[in-house]
Amino acid sequence: MPRFSANLTMLFSEFPELDRYEAAAAAGFSSVEVLFPYETPAPETQRALIRNGLSLELINCPPPNYTGGERGFAAVPGLSDRFQRDFRRTLRYADLLKARIVHIMAGAASGPQARDVFVENLKWACKFAPKKQLTIEPINDDDMPGYFLNDFDLAAEILDEVNAPNLAMQFDTYHAFRIEGDVMACWEKHKERVRHIQIAGLPDRHEPFSSEHLDYAAFFKMLDETGYEGVVSAEYKPSKRTEQGLGWLT
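The shown structure was predicted, so the numbers you read here are calculated from the model rather than taken from an experiment.

1. Section: the sheet that holds strand S6 (residues 133-136)
Now for step 1: Reading across from one edge, S3-S2-S1-S9-S8-S7-S6-S5-S4 is the order of the nine strands in this open sheet, with parallel pairing throughout. What marks the edges here is a single partner per strand, and that holds for strand S3 (55-56) and strand S4 (58-61).
Now for step 2: Where strand S1 (residues 3-7) and strand S2 (residues 31-33) come together, two bridges link them in parallel fashion. Paired with asparagine 7 across the two strands is glutamate 33, which belongs to S2.
Now for step 3: Taken strand by strand, helix H7 (residues 183-190) contacts strand S7 (167-172) and strand S8 (194-199), and its axis lies near 170° from that of S7.

Encoded structure:
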């Protein structure tokens, strides 16, 4: 089986934020991801990770949480200074918490100018932090209306244009289903560019059990057989208490 990680922004939400680390470790996870860790002092998060023997796989850029606000700035014309400022702050958190990956959010934008801005900002980020692994993620229009990077082919084109060894694709099976419909066909087309995977049940984004839309047992077996070396992160909305819905792990 692949190495699984728990997304603590969505899982174990029945616990206070810092208690989620202990809950994840007790459930058998050895790593976690936290989309927006910025409202908790980094030393407190660091202690929670160390105390529970967890590594941090991923955080999002930009801070703070986009709920009710902006969803990134990397593709927004006129906001490159804001993006660079936020990216520097994200790196400070990533370095202290030893986050393996920083996911760069494109933001709400459209058109050729936004594409050019996104490419230039990504090139800058890759050069500014050459030792940090960075990702971009296609996100579907229904969950995030107006988000610039809403297409897997567009993501692939941008990755090829930036052409940086520390930039790759983040592949979320839920978004792949909502954007492309056929998750496995989307995976086959883009797997060589993928560095991080996130999973959820289809079509409702609850626990990632197999369904007519995706056979997760076969998907996990395929990842093992093809030598996927990254982490598979559980990023879903639990339909019950998180620990009661972890049967998909077995």
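2. Things to note about the environment of methionine 184
Now for step 1: Relative to the helices and strands, methionine 184 is located in helix H7.
Now for step 2: The class of methionine 184 is partly exposed, set by a relative accessible area of 29%.
Now for step 3: Sequence separation between methionine 184 and aspartate 143 is 41 residues, and the spatial gap between their C-alpha atoms is 21 Å.
Now for step 4: Excluding residues within four positions of it along the chain, methionine 184 makes contact with Leu214, Phe219 and Met222.

3. Re the pattern of salt bridges
Now for step 1: Tallying each qualifying case throughout the model produces 15 salt bridges.
Now for step 2: A salt bridge links arginine 178 to aspartate 142, with the nearest nitrogen and oxygen atoms 2.7 Å apart. Residue arginine 178 is located in helix H6 (residues 173-180), and its partner aspartate 142 is located in the loop between S6 and helix H5 (152-162); the two are separated by 36 residues in the primary sequence.
Now for step 3: Salt-bridge contacts for arginine 205 lead to glutamate 235; the nearest nitrogen and oxygen are separated by 3.2 Å.

4. Digging into unusual backbone geometry
Now for step 1: Between cysteine 61 and proline 62 the backbone carries a cis peptide bond, its omega angle lying at 25°.
Now for step 2: With respect to the secondary-structure elements, proline 62 resides in the loop between S4 and helix H3 (80-97).
Now for step 3: The omega torsion of the bond from leucine 202 to proline 203 falls at 10°, within 30 degrees of zero and hence cis.
Now for step 4: One can find proline 203 in the loop between S8 and helix H8 (216-225).
Now for step 5: Despite not being glycine, phenylalanine 12 shows a phi value in the positive range, around 60°.
Now for step 6: With respect to the helices and strands, phenylalanine 12 occurs in the loop between S1 and helix H1 (20-26).
Now for step 7: Not every positive phi belongs to a glycine, and arginine 205 is a case in point at roughly 65°.
Now for step 8: Secondary-structure assignment places arginine 205 in the loop between S8 and H8.

5. So, the packing of aromatic side chains
Given two aromatic rings, one states the distance between the centres and the angle between the planes to describe the pair.
Now for step 1: What the rule picks out here adds up to 17 aromatic pairs.
Now for step 2: Between phenylalanine 83 and tryptophan 124 the ring centres are 6.1 Å apart and the planes differ by 75°, which places this aromatic pair in the edge-to-face class. Pair noted here: phenylalanine 83 is in helix H3 and tryptophan 124 is in helix H4 (residues 112-128), with a separation of 41 residues, a long-range link.
Now for step 3: Phenylalanine 83 sits in the buried class, given a relative accessible area of 2%.
Now for step 4: Here the aromatic rings of tryptophan 187 and tyrosine 228 are separated by 6.3 Å at their centres, their planes lie at 80°, and the arrangement is edge-to-face. One end of the pair, tryptophan 187, is in helix H7; the other, tyrosine 228, is in the loop between H8 and strand S9 (231-234), with 41 residues separating them in the sequence. Of the two residues, tryptophan 187 and tyrosine 228, neither departs from the other in class, the shared state being buried.

Cut-offs applied
Residues numbered from 1 in each chain as written. Predicted model: local features only at pLDDT ≥ 70, side-chain atom pairs only at ≥ 80, totals over all residues. Heavy atoms only, no water. Pairing = 2+ DSSP bridges. Helix = DSSP H or I, 4+ residues; strand = E, 2+ residues; numbered from the N terminus. Contact = heavy atoms within 4.5 Å. Axes fitted to C-alpha atoms, helices over the stretch in contact; angles between N-to-C directions. Buried < 20%, exposed > 50% of the residue type's maximum accessible area, 1.4 Å probe, protein only. Salt bridge = Lys/Arg side-chain N within 4 Å of Asp/Glu carboxyl O. Phe/Tyr/Trp six-rings, centres within 6.5 Å; stacked < 30°, edge-to-face > 60°.

The analysis is restricted to geometry; functional conclusions fall outside its scope.
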